[in-house]
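Breakdown of the fold
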Amino acid sequence: SPSWVRSIIKNKKSLVGVSILTFFILIAIFSPIIAPVDPTRMVGRPHEAPSAEYFFGTTRQGQDVFAQLVHGTVTTLRVGFVTGTIIIFIAIGIGLTAGFVGGVVDEVLSLITNIFLVLPGLPLIIVVAAMLDRPGPNTIILVLSLTSWAYGARVLRSQTLALRNSEFVEAARVSGEPIWRIIVFEILPNMTSLVVSSWIGAVLFAILAEAGLEFIGLGDPNSVTWG
């Protein structure tokens, strides 16, 4: 088996984390089997208590809460994974470019990053989401992706500053490698653990933020999510 699989198996925390993630992915995949009820259809009386028929009770519209939770896993995980991936790509592009190129490029990108860092995150997300005409999962992905990359970019820039004068980077410069190739093939592979941890944090943030935005009414009321 690959080395990363062996490392996950040996590390109990990693194994627990992967098991939890696998559990929710399986719920998303088999949601029609686990909860064959339409989550948007009225199936009982409003505000029924949890029972053998409705495990988590019903909503004020008489919808099955358990079915909504199960079917909402699909949309919520999609929002989390897509948003986290977009955030980390933006953070990589801005953070590594600013840290490696330096000079005016670093100052401009750092200024933009600092502006997004000092802006209050959740209020900014709420304002941007409220201004858009068609709220929904795709809107939330767009809003979160455009407003939540700054912290990751700042962390990756700091690590790039520590690596750009390394011997293997200098060797690549001397051999005439272009900047983009040095960043992608020399610096980025040495930051894999940091990139992965930043991606996991971005995914978690996106899932919680999506649930919060849906809960306060800034999402599509016809879309079933954890919010």
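Reading the values: the criteria
Residues numbered from 1 in each chain as written. Predicted model: local features only at pLDDT ≥ 70, side-chain atom pairs only at ≥ 80, totals over all residues. Heavy atoms only, no water. Patch = residues over 30% accessible without salt bridge, like charges linked within 9 Å, V, L, I, M, F, W, Y side chains within 5 Å. Areas by Shrake-Rupley, 256 points an atom, 1.4 Å probe, with all protein chains shown as cover. Salt bridge = Lys/Arg side-chain N within 4 Å of Asp/Glu carboxyl O. Helix = DSSP H or I, 4+ residues; strand = E, 2+ residues; numbered from the N terminus. Buried < 20%, exposed > 50% of the residue type's maximum accessible area, 1.4 Å probe, protein only. Axes fitted to C-alpha atoms, helices over the stretch in contact; angles between N-to-C directions. Parallel < 35°, antiparallel > 145°, perpendicular 65-115°, else oblique. Left-handed = near helix turned anticlockwise from the far one by under 90°. Contact = heavy atoms within 4.5 Å. Core = buried A, V, L, I, M, F, W, Y, C linked by side-chain atoms within 4.5 Å.

**Thoughts on a nonpolar patch on the surface**
A contiguous nonpolar patch, built from Leu21, Ile25, Leu26, Ile29, Phe30, Ile33 and Ile34 and spanning about 620 Å² of accessible area, is present on the exposed surface. Looking at the nonpolar patch, the elements that each hand over two or more residues are helix H2 (12-29) and helix H3 (31-34). A per-element tally of the nonpolar patch places H2 first, with 4 residues. Examined against the element boundaries, Phe30 turns out to sit in the loop between H2 and H3.

**Remarks on the pattern of salt bridges**
By the definition in use, this model includes 4 salt bridges. A salt bridge links Glu170 to Arg173, with the nearest nitrogen and oxygen atoms 2.9 Å apart. With Glu170 and Arg173 both in helix H9 (residues 167-174) and 3 residues apart, the pair spans about one turn of that helix. Taking the relative accessible area as the measure of exposure, Glu170 reaches 31% and is therefore partly exposed. Classification of Arg173 as partly exposed rests on a relative accessible area of 33%. Across the pair Glu177 and Arg181 runs a salt bridge, and its minimum N-O distance is 3.1 Å. By relative accessible area, Glu177 is classed as partly exposed at 32%.

**So, the packing of helix H4 (residues 65-101) against helix H7 (residues 137-147)**
Direction vectors running N to C along H4 and H7 enclose 30 degrees, while the axes themselves pass 9 Å from each other. As summarised for this structure, H4 and H7 are arranged roughly parallel, according to the angle between their axes. Crossing handedness for the pair H4 and H7: right-handed. Residue-level contacts link Thr75, Arg78, Val79, Val82, Thr83, Ile86, Ile87 and Ile90 of H4 to Pro137, Asn138, Ile140, Ile141, Leu144 and Ser145 of H7.

**Let's talk about the nonpolar core**
Ranked by size, the top nonpolar core spans 22 residues in total, and within it Leu96, Leu156, Ile187 and Met191 carry the most contacts. At the level of secondary structure, the elements contributing two or more residues to this core comprise H4, helix H8 (150-163), H9, helix H10 (179-187) and helix H11 (192-215). With 8 residues, the top contributor of residues to this core is H4. The contact partners of Ile187, leaving out residues within four places of it in the chain, are Leu96, Phe100, Thr160, Leu163, Val169 and Ile182. The next biggest cluster of nonpolar side chains, apart from the first, holds 11 residues, and it includes Val79, Ile140, Ile141 and Ala209.

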